[in-house]
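# Coordinates in review
Each chain, letter by letter, is given below.
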Amino acid sequence: MSVVKNQDIAVSAIPVQIEVPLNENEKPEQRKTKQLKSKKRPSHRKPPRSDYDATSPLGVLTSFEIPHMLATHHKKVCEVLGYETEISLKDVINPVRDIINDAGVKDAFNWREVHNVEVLCMSAKGDGLAVIRAPTYEHVLKCQSIAHEREKLEMENLEVEELNDGRRRKKVEPYRRTVIKENMPKVQIATVPFAFPGDIVNIKIYHTNTHFVESEVVSFVRLSPLRGGKKPEDSACAYFGLCSGCQYQSIGYEHQLEIKREVVENAFRHFCKDEIEWEGKVLDTVASPLEFGYRTKLTPHYDVPRSGNEGLDVPRLGFGWKGKGSWMNLNKTNASNRSSKDEPWDNSELPLEHPMEIRESMRERSIRPYFGDVLDIEDCIIGTDIVRLGLVNERKRLAKEWRNGERSKKGVTVLLREHNIIKGSEGFEDRIFGSCDEDGTITKIEEGEIIKTCVTDNQKIVSDLVDTGFGNKLRFDFIANEFFQNNNSILPKVIKYVRDNLGNEEEFEYLVDAYCGSGLFSVAIASDRGSSVKKVLGVEISERATEFAKRNAELNFISNERCSFVQGKAEKLFDHIDFPRDKTGVILDPPRKGCDDIFLKQLSEFEPNRIVYVSCNVHSQARDVKYFLNESINGNKYEIESIRGFDFFPQTHHVESVVVLVHK
């Protein structure tokens, strides 16, 4: 059952949705008044493009999630908002051109509060979605009139500008656009961060897009049953509700897994519709053994203004500001006067939940005055222990260098990557490097025969130890800033699942690993000496990644005869492969953009026995599966056996998906 359906609330139980009346004497909050003295009229800016890539979060939101929500919750929307006719996508289009070119129209749409808003469903990006009343045409005209008088008064106070050539420009009337009533939306779709189906919230609109508006939660009127009575501010992390990193911390893990299963299911519903048989084949999402403390890589950053860094305090080092903190009595505009010199929290004990008594001070320090929209993060509880200690070191190093005048002229992203060294291995002492404490000593954690450090040098060669799920652990080397899976705890489940779905001993003897990277699946499956696999071939477009894949096979004593790698485009992969097709399985693990049509056509012509498609973007995966089955030459000879999500990133909206295709 759907999370949304399980938590559906009777219409009679929902408070009436109301909008806070306009205060004519109050200047619109956050609006930057531009001086109009140098222009006769504002530039007629064009709205941002709204023809998003179909597999991007915004493309999915506008082409599928919004229409699907309007259709699914039509009855409730009509009863709550008082509409009797069907509401479609064209009824939620906002007049963005008018908004960005007319201050009055902008005032009417942005910075208004709407109360008693029910969150109806979730977006794939992890935000709640709700339907709210749109500003009326009369309200827009009223705001235009107020803004017109305000700007007229401002112009009367401006002195006549003298240009470089000595000419004088006369004062002009403020520009006012003519808003067409027929172009006004009937209702609006609001994205509500950190909210879930069943929540009833008071929200403030702060930005209007073509198909939706972005909002912040001002307060919670009623909490969703998904929260189990837990308040949002009681989440394990002090920064939840402010930080852009996590979206799901305030609900139970079982509900997170169900939401992610729905994301996978909705992706195939959107892209495949009823053109291929997929319904009933989406399995439960596989849980991560670790819900916190799992990330082996973090990349905090800081910003520096273009005007320079002189006179500025130490930058806020952390992650992007997502929520506005209104429901926690925090706001960027009234941040405390704390500075970076204030004593930070000592997280040397590395708890997986920030102590309640220090959360308020941590939140205050996170928004101390400084340029930019980055939160100052002292600790990230989804990182592994050594990565969290590395964050402490790098924060202290940044503060010391900044105060000593060693300042960057532009923003910087800091790499924090876990590095594993086996004691007694060849040259292990030379491989102990990484982030240092204030005394210059390398910070490390020793776990039996393993030494862990946190590497910050992008070009260093680091090692990860991976449990394959076959009863052995393998060492993988790669460049620190290049891609490698960031949750080792779930890798045994994923590797074994992929291997088991490539076929039994009679039908699986050869493996082609396309987009193999540094050889994770190739080397892991080849290392299983008890399997029926005779030969593994990995292919990768990156020359450097191919070299590391070969290196990783050697490090784990796997011969070239059993497992080899070639560098080249996956689109030309099958030209020289002579494996028997009925005994061959293929693994696909492409980047987020998915596979090219040329590659999918060649894959179909090769006609392997089984295909296991692993993806970090279920939407591009669903698109590719539909193309392969419906439009490639042999696609009709295959069928979907199963679709399953794997939760590589608990507490966040991200989900990896594995699709198994079998030859009929």
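Small disclaimer: the values here were computed from a predicted structure and weren't measured. One numbering rule holds for all chains: residues counted from 1, following each sequence as written. Under the rules for a predicted model, residues below a pLDDT of 70 receive no local features and side-chain atom pairs below 80 are neither given nor counted, while totals for whole chains, interfaces and linings still include all residues. As a rule here, side-chain values cover all heavy atoms of the structure and leave hydrogens and water aside.

Let us now look at unusual backbone geometry. In this model, Trp111 sits at a positive phi of 65 degrees, which is unusual for a non-glycine residue. You will see that Phe557, though not glycine, has its phi angle at about 60 degrees, which is positive. In this fold, Phe557 is placed in the loop between α12 (543–555) and β19 (563–567). Summary of the burial criterion: residues with accessible area below 20% of their type's maximum are buried, those above 50% are exposed, and those between are partly exposed, where the area comes from a 1.4 Å probe applied to protein chains only. Note on Phe557: relative accessible area 71%, which makes it exposed. A run of H or I in DSSP becomes a helix once it reaches four residues, and a run of E becomes a strand once it reaches two; helices and strands are each numbered from the N terminus.

The next thing to look at is the packing of aromatic side chains. Any two aromatic rings considered together are summarised by their centre-to-centre distance and by the angle between their planes. Any two rings among Phe, Tyr and Trp, with Trp reduced to its six-membered ring, count as a pair given centres within 6.5 Å; such a pair is stacked if its planes are under 30 degrees apart, edge-to-face if over 60, and tilted if neither. Under the criterion given, the structure shown has 13 aromatic pairs. Between the aromatic rings of Trp111 and Tyr206, the centroid separation amounts to 6.5 Å while the plane-to-plane angle is 40 degrees, which identifies the pairing as tilted. Of this pair, Trp111 sits in the loop between α5 (103–109) and β2 (113–118) while Tyr206 sits in strand β6 (residues 200–208), placing them 95 residues apart in sequence. Since its relative accessible area comes to 25%, Trp111 is described here as partly exposed. Measuring from ring centre to ring centre gives 5.3 Å for Phe628 and Tyr638, while their planes differ by 65 degrees; the resulting arrangement is edge-to-face. Of this pair, Phe628 sits in helix α14 (residues 618–631) while Tyr638 sits in strand β22 (residues 638–646); the two residues are 10 residues apart in sequence, bridging distant segments of the chain.

This part takes up the environment of Leu58. Within the secondary structure layout, Leu58 lies in helix α2 (residues 57–72). Taking relative accessible area as the criterion, Leu58 reaches 31% and is therefore assigned partly exposed. Sequence separation of Leu58 and His211 is 153 residues, and the distance between their C-alpha atoms is 9.7 Å. Once residues lying within four places of it in the same chain are set aside, the contact partners of Leu58 are Tyr52 and Phe212. Only heavy atoms matter for contacts: two residues are in contact if any of them lie within 4.5 Å across the pair.

What follows is about the pairing of strand β18 (residues 535–540). Taking burial as the measure, the six residues of β18 include six buried ones, the bulk of the element. What you see with β18 is no split at all: Lys535, Leu537 and Val539 on one side and Val536, Gly538 and Glu540 on the other are buried throughout. With five bridges joining them, strand β17 (residues 510–514) and β18 adopt parallel strand pairing. Bridge pairing in β18 places Ala514 opposite Val539. In this scheme, strands are said to pair when DSSP sees at least two bridges between them.

Moving on, we get to the UniProt feature "binding site: S-adenosyl-L-methionine" (unreviewed entry) in the protein. Those residues carrying the UniProt feature "binding site: S-adenosyl-L-methionine" (unreviewed entry) are Gln485, Tyr515, Glu540 and Asp589 in this numbering. For Tyr515, the position within the fold is in the loop between β17 and α11 (520–526). Using a relative accessible area of 11% as the deciding quantity, one classes Glu540 as buried. Here Glu540 is in contact with Tyr515, Cys516, Gly517, Ala545, Thr546, Val566, Gln567 and Gly568, once residues within four sequence places are set aside. Nitrogen and oxygen atoms within 3.5 Å of one another constitute a polar contact, given that in protein one can donate a hydrogen and the other can accept it, and given that sequence-neighbouring residues count only through two side-chain atoms. Side-chain polar atoms of Glu540 contact the backbone nitrogen of Ser542, separated by 3.2 Å. UniProt positions are given in the numbering used here, feature names are shortened, and annotations may be inferred rather than shown by experiment.

This paragraph deals with the nonpolar core. By nonpolar core we mean a set of buried residues, namely Ala, Val, Leu, Ile, Met, Phe, Trp, Tyr and Cys, connected to one another through side-chain atoms within 4.5 Å. Counting 95 residues, the largest nonpolar core has Ile132, Val192, Ile203, Val498, Leu502 and Phe646 as its most contacted members. By residue number, the principal contributor to this core is helix α9 (residues 385–403), which donates seven residues. Not counting the four nearest positions on each side in its chain, Ile203 is found in contact with Arg112, Glu113, Val114, Val117, Ile132, Ala190, Val192, Ser215, Glu216, Val217 and Val218. In terms of nonpolar packing, the next biggest core, distinct from the first, is built from 41 residues, Val263, Cys595, Phe599 and Phe606 among them.

So, on to the UniProt feature "active site" (unreviewed entry) in the protein. Per the UniProt record, the feature "active site" (unreviewed entry) sits at Cys616. Looking at the element boundaries, Cys616 is found in the loop between β21 (610–615) and α14.

What follows covers the environment of Tyr370. By the secondary structure assignment, Tyr370 is in the loop between α8 (356–366) and α9. Taking relative accessible area as the criterion, Tyr370 reaches 13% and is therefore assigned buried. Excluding anything up to four places from it in sequence, Tyr370 contacts Asp303, Val304, Pro305, Leu312, Asp313, Val314, Pro315, Arg316 and Trp402. A polar contact of 3.1 Å, which involves the side chain of Tyr370, links it to the backbone oxygen of Asp303.

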